[in-house]
Each structure stands twice: as structure tokens, then as C-alpha cells.
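Secondary and tertiary structure notes
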Amino acid sequence: MQNDITSKREVNRFVADFLTKNKRTHYCGDLRSSDAGREVILMGWAQRRRDHGGVIFVDLRDRSGIVQVVFNPDAGESVHGQAHKIRSEFVLAIKGTVRIRPEGMTNPDLKTGEIEVITSELEIMNESKTPPFSFDEEETNENIRLKYRYLDLRRPALQRNLFLRSKIAAATRNYFAENGFIEVETPFLTKSTPEGARDYLVPSRISQGSFYALPQSPQIFKQLLMVSGFDRYYQIVKCFRDEDLRADRQPEFTQIDVEMSFITEEDIMQMMEGLMAAIFKKCLGREIALPLPRLTYHDAISRYGKDNPDLRFGMELTDLTEIVKNSGFKLFQEVAASGGVIKAIKAEQAAILSRKDLDGLSDFVAVYGAKGLAWAKVNAADWTSPIYKFFQPAEVEQIAKALSAKEGDIIFFVADTPHVVNDSLGNLRLHLAKKLNLIDPEALAFTWITEFPLMEYSDSEKRFVSTHHPFTSPFLEDLPKLKSDPGKVRARAYDLVLNGSEIGGGSIRIHRKDVQAQVFAALGLSDEDARTKFGFLLDALEYGAPPHGGLAFGLDRLTMIMTHAESIRDVIAFPKTQKAACLLSDAPSPVSIEQLMELSLKIVT
RNA sequence: GGGGUCGUAGUUAAGUUGGUUAUAACGCCGGCCUGUCACGCCGGAGGGCGUGGGUUCAAGUCCCAUCGGCCCCGCCA
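Notes on the structure follow. (Residues numbered from 1 in each chain as written. Chains lettered and ligands numbered in written order. Predicted model: local features only at pLDDT ≥ 70, side-chain atom pairs only at ≥ 80, totals over all residues. Heavy atoms only, no water.)

With the rule as written, the count across this model stands at 20 aromatic pairs. Geometrically, the ring pair formed by Tyr175 and Phe176 is edge-to-face, given 5.8 Å between the ring centres and 70 degrees between the ring planes. Summarising the burial analysis for this pair, Tyr175 and Phe176 share the class buried. When the centroid spacing of 5.7 Å and the interplanar angle of 55 degrees are considered together, the rings of Phe364 and Tyr368 count as tilted. Taking relative accessible area as the criterion, Tyr368 reaches 26% and is therefore assigned partly exposed. Counting every residue linked through ring pairs, the aromatic cluster contains Phe329, Phe332, Trp383, Tyr388, Phe390, Phe391 and Phe413. When the ring centre of Phe313 is taken as origin, the NZ or CZ atom of Arg429, which lies over that ring, is 4.0 Å away. The aromatic ring of Phe475 is capped on one face by Arg490, whose charged end is 4.3 Å from the ring centroid. (Phe/Tyr/Trp six-rings, centres within 6.5 Å; stacked < 30°, edge-to-face > 60°. Buried < 20%, exposed > 50% of the residue type's maximum accessible area, 1.4 Å probe, protein only. Lys NZ or Arg CZ within 6 Å of the ring centre and 35° of its normal.)

Written as C-alpha cells, this is what we have:
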């Protein structure tokens, strides 16, 4: 041990020497029986050692997979002796000969199970501490996995995800290059914009008391590039939003950002459908039928309760307000009279749902503001239902007809404001589909959502706010409503939804200053406000801005769907926790008083 | 900001109505073993139960607070 440093140096020199003389010939997982007889040099990690006293087996792993390497005692004392020292995750280089495994010794669970490598030389290039968790399928607490993310990333599943993500990015770049797009980088240190999400701020040292913001998206810059005449732009770019996290939301995420000039919605959608087809073809070998289906925002909400409907299954929402508004059920009467709606969904042949399950579903919809969930089990002649007694036979019949309900189905009713009804039934629909196993995991259900409202009333801000962003063009024919009924103005915006996940969204932008001014006015932004916040864009619009529009895809979410990942963390190399912390690097963390002083900042809490 | 859930050896988990030295599997260490592939066999070490209070004769088990992971609402497109 006292010679530790010296011997480490020796080892390092030896390793360097080894690498100078020996180049890797193959990846472990690529070897096949056709390689039999070939001498190979492999480098990787010892996944497992099986020491039989005589013969020793080691599963050698690299990014391609694993192969069994064999150390025979008769291969020589030094190699065999070294092999005894191998432990989990030691870094090895071996020279050996591929051979077909002896009769009956093959392992059908391995791609390389037909063969093995008989080792003639072994180099232990580095040792390893015992890993803090096993890399097997066994689920380990995510806090430990994130702390040792570099080890977690040795798992084949995560490697597969990141390789696929890289393929998606490559297919994207190819597609845009083939279609005449230019990739332009836009600044990360930019100006805070008030609309939309909370900004991440970066203090300026040179202009004390002033701040940059990290971009929520390159929105304004890509529009400026259109004004400059680049005509077709794209960028694969990080975006930052300081909002709370979810299973599919990280504070920094990646967009495939696109903008085009002299186009309409149709041109953009067609171009983006081509992108989707190219990505799925190149990365998964799957054909996408084009053109993709479309649904208006209004239809999506009324039929599925959400603007990101999962179309892999049916169970649509049915409006029963007209049928039940005069029924004997007082609650339904009152809701209908006060402008609310009564809607229902039907779970087909859902007898596996127990009475306890049904009661539990009330708690489920309560999260979305529903004060109750009525249900009815449809029998041959009647219903088993707490509310059955309130209805006339004719009403029961009409409801059953509206829903095409058959014996064995269960109907769920929610009566409330349209927003609460759609929200709770839309989410209940998803919940039931998962519970009843209605979703084909291999299905790909795309849909465009069109005709979004340009703006929505915000109760918290007591004004209309942009649904998309304030540069979204309204439908020209709706312009007169901008003053009289702003909530009814439709936007030339479109989202692309895949399997119930919004994977992209965009719009045709306003390219004329007068229209932009009207929209700002409807949003309650004064000329002065607008000028302070977006002055440079407004200026640009006055210098011959072409008609333009675009959209952005969420690369993380797209990758999630394509890898069947349940969490966005499974498609990001170094993700953050729900508290937006990086357990690996321990960010965020306090900084020195000197750093704060240099920025003229003071911590006040 | 709110709701839910979890935190016990390196890891994954068990731990009855609070009651003597806190279990198991895997991993780890040592020994044996020439064909295994989650190798096998024998032996061994390892934690005081996220943290801090409190109740009690007695707390992993009860109470309060706090920290952290995950899911959700709000927020966010």
C-alpha cells in the first residue's frame, strides 16, 4: 500500500501503452457466431464474474451489450490470476478468440449467447468501488439513482433511450437540411418577457441591478430571423421555464423550433407531418399515414374534455343536458338552470369495477373540482344506481340511447360548469382507459388541434390573456370580435397531439403592426407597455415583415412516447428532481458573499 | 401555495394491538469448486430505523415539527 502512488502510475503508463498497441476491434454485443475463430480485442466493464475455482466467466459489457469472456486456468497463470481479482464494474481490456460455445452451453437470453471469447490477455484498466445499487431490473429509489446518475446511465434501458433521442435529433437535422432550412443559434442571455411562464433570471455584473432572462423559447428571435429573410429556420434548442415540475415537465427542456415565411397553416402542417413521418420511419421503422387527422379545439373539448385528447380509444363524452334538465333529479335541474352542463361517459362491460372502485372515482374527479360523480350500472331491465329512482323510464331510455349503453356497461355522470365537467370527465376517461386496459401501447394516434381561442379570461389577472402567445394571428374574419367578444376570437394556432400528449404547437404570427396593436389592446396592454416589453419586435414588424409562422416540438415528450418512458427523466441524461434540484451536482447551491457583492445582490430572506 | 404517498443494513423489502440482543433476500468479505450465465456450497461482517423534539417504565411502531424522493391540483403550453 505504501507504493500505491507509484504502482498507480505504473498501471496508468501500462494502460496507455496497452491502448497504443491495441485498438478495440469490436463492441461486445456485436459478436456473433459468424465471428468464430476471429481474434478480438474488447474493452468494457465487468458486469458479473462467475468464478468456478478453475474456469472463470466474466460478462463483459459495453454500450452495445454483453458477451461472455472465459478465463481458462491453462491459458497461463498470470491471466487467470488477474481474473480472480475482477470485481463488478472493473474496467477491462481483453484479447481473445471468439468461439462457438460447446454443445448445450448456449444462452438464448443473450444476443451473443451462441459464442464466447476465450481470453489470452487481460488488462485491468481500472478498478471500481462496489456500486451503491444494482443495475438489474430491480427498482432503486430515484434519489440514489440521480445522485449516481453516471452509474444509472450504465443501465441498458437508459442508454437505449438516449441513443434513440440522438437518432431523433439526427433525423430532424437531416429532414430540415433536405428541405432548405437553416439552423441558427439564438441567445440564452436575453430579455425577460412578461407573458407566459416565470423566467429564470441571470443577474448582470456589468449593469448592476439589471437581469437577463433565459429564454422560455426563441419565439421573438425566430420571428426576427423571418424579418431578416432567412425564410426557413429551425433549431434544436434548450428552453427554460421556472414553473413547477411534473412527470413530463422539466425546468429546462428541448424544443425542435421551426419558423417559415410566406406560408399558411397548411404549408406548415404538411411540412411537419413530413418531419414526423421521417422521424418515425428512421428511428422506429414505422410508417405514419398522412395527412394526420384534425380536430377543432371546440370538438376536442366537447368530445374528449381536453385539448390534448388521447385518440387511442373511444369513450367519448356525451352531453345529456337537454335530456335531464327537467328530470326529477334536482341537482341536474339546478345545474342546467344555472348555465351548467350534464355530461356522461360510458365504460363498456366494466363489471370488474367494484362498488368500492366506483366510490373511489368520486375522489378522483373531486381533484378537478367536481362535487360529485353519479354512476349507473346498466342491467337488462333497469339500472343499479343511486340516482335511478329520480328518472322516468323514458329518460332512462333516452340516456341509454344517447350513449348506446348496453347491459354490463357503466355510465358516469358529472354535472357542473362546462369547465369542471370537461376537465373531470376528460381525466376520468383517461383514468378508466388505463384501469380497464383499453389502450394499445403500440398505437400511434396523432391529431392536430386547430381553431384555438386567441385569448382566455384569466380570473387571477382579471383580464384576457393569450392562449398561445401575444403574436399569434387571429382569424381575419374574427377580427371585429376582438373588441366586442374577445373570448370568441379564433387563433390561427395549431397543436400536434400524439397519444394524449401535446408534442408540438405553433401558429401563424401577426406580421402587421396594426393588427398587433389591436391584439395588445384586447389583452389590456397599453402602447407604452407593449413598447417596453416587445418594442424591438414591434419595430421589426415595421420594416417589411413577411407573413410567417411556425411551431415548436417538445423533443423530450416526443422521445418519451417513442421510448415508452413514463417519466421525462428517463429521456434526459442529467435531469432535475421535482424541487428542480440536481442531486448529482447539488445545484442549486449558495454562492460566496464575494460573488453576490460583485453582482450587487443581497439575500433578504 | 395545497393534497397524496414513501423514507428501516450498500440495495430491495418485512417488522403483529408500542415490549427482551431489529428480520430476509440480493450485494459485500473470506474459503471451497474447471462450464456457469441471477453459478453452487460453507462461513462472516454490516443498520438502531431520514432528522429534531415530545408522550411513555418502554417507540421503527403513537404525536408534533422538519428535510428529501415520487405522483397530482394550482402554475406551466
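We are not done yet, so read on.
Residues Tyr150, Phe574 and Leu584 make up a contiguous nonpolar surface patch of about 300 Å² in total accessible area. In this structure, Leu584 sits in the loop between helix H17 (555-563) and helix H18 (593-598). (Patch = residues over 30% accessible without salt bridge, like charges linked within 9 Å, V, L, I, M, F, W, Y side chains within 5 Å. Areas by Shrake-Rupley, 256 points an atom, 1.4 Å probe, with all protein chains shown as cover. Salt bridge = Lys/Arg side-chain N within 4 Å of Asp/Glu carboxyl O. Helix = DSSP H or I, 4+ residues; strand = E, 2+ residues; numbered from the N terminus.)

Within soluble globular proteins, side chains that are nonpolar tend to cluster in buried spots. Among the nonpolar cores identified, the biggest contains 39 residues, and Met272 and Met276 are the most heavily contacted of them. Looking at this core, the element that brings in the most residues is helix H7 (residues 265-284), giving 11 residues. In contact with Met272, other than residues within four places in its own chain, are Phe176, Val258, Trp448, Leu551 and Phe553. Counting 32 residues, the second-largest nonpolar core is a separate cluster that includes Leu224, Ile449, Val519 and Ala530. (Core = buried A, V, L, I, M, F, W, Y, C linked by side-chain atoms within 4.5 Å. Contact = heavy atoms within 4.5 Å.)

If you walk across this open sheet you meet the 8 strands as S6-S9-S10-S22-S21-S20-S17-S11, and the pairing is mixed. What marks the edges here is a single partner per strand, and that holds for strand S6 (182-183) and strand S11 (294-296). Of the strands in this sheet, strand S9 (232-240), strand S10 (252-261), S11, strand S17 (446-450), strand S20 (493-498), strand S21 (501-508) and strand S22 (548-554) are in contact with H7, which crosses S22 at around 30 degrees. (Pairing = 2+ DSSP bridges. Axes fitted to C-alpha atoms, helices over the stretch in contact; angles between N-to-C directions.)

Around RNA strand B sit 48 residues, and of these Arg48, Asp51, Met105, Glu116 and Pro132 come closest. Per the 4 Å cut-off to the protein, sugar and phosphate atoms form 56% of the nearby atoms of RNA strand B. Note that a base oxygen of RNA strand B is positioned 2.6 Å from one of the side-chain N or O atoms of Arg50. The side chain of Glu116 places a nitrogen or oxygen atom 2.5 Å from a base nitrogen of RNA strand B. Listing elements by their share of the surface near RNA strand B, those giving two or more residues are strand S1 (39-51), strand S2 (56-62) and helix H3 (142-147). Residue composition of the surface near RNA strand B, grouped by class: 11 nonpolar, 16 polar and 21 charged. (Near = heavy atom within 4 Å. Polar contact = N/O pair within 3.5 Å; in protein donor to acceptor, adjacent residues only side chain to side chain. Nonpolar A, V, L, I, M, F, W, Y, C, P; charged D, E, K, R; others polar.)

Turning next to the sheet that holds strand S14 (residues 374-378). Taken together, the 5 strands give an open sheet; going across it, the order is S12-S13-S16-S14-S15, and neighbouring strands pair in antiparallel fashion. Strand pairing shows two members of the sheet lacking a second neighbour, strand S12 (318-319) and strand S15 (383-384), which therefore form its edges. In the sheet, S14 pairs with strand S16 (residues 410-416) via 4 bridges, with the strands oriented antiparallel. Bridging from a neighbouring strand, Ala374 pairs with Phe413 of S16.

For Thr190, the position within the fold is in the loop between S6 and strand S7 (201-203). A relative accessible area of 15% places Thr190 in the buried class. Apart from the residues lying within four places of it in its own chain, the contact partners of Thr190 are Tyr212, Ala213, Leu214, Pro215 and Phe221.

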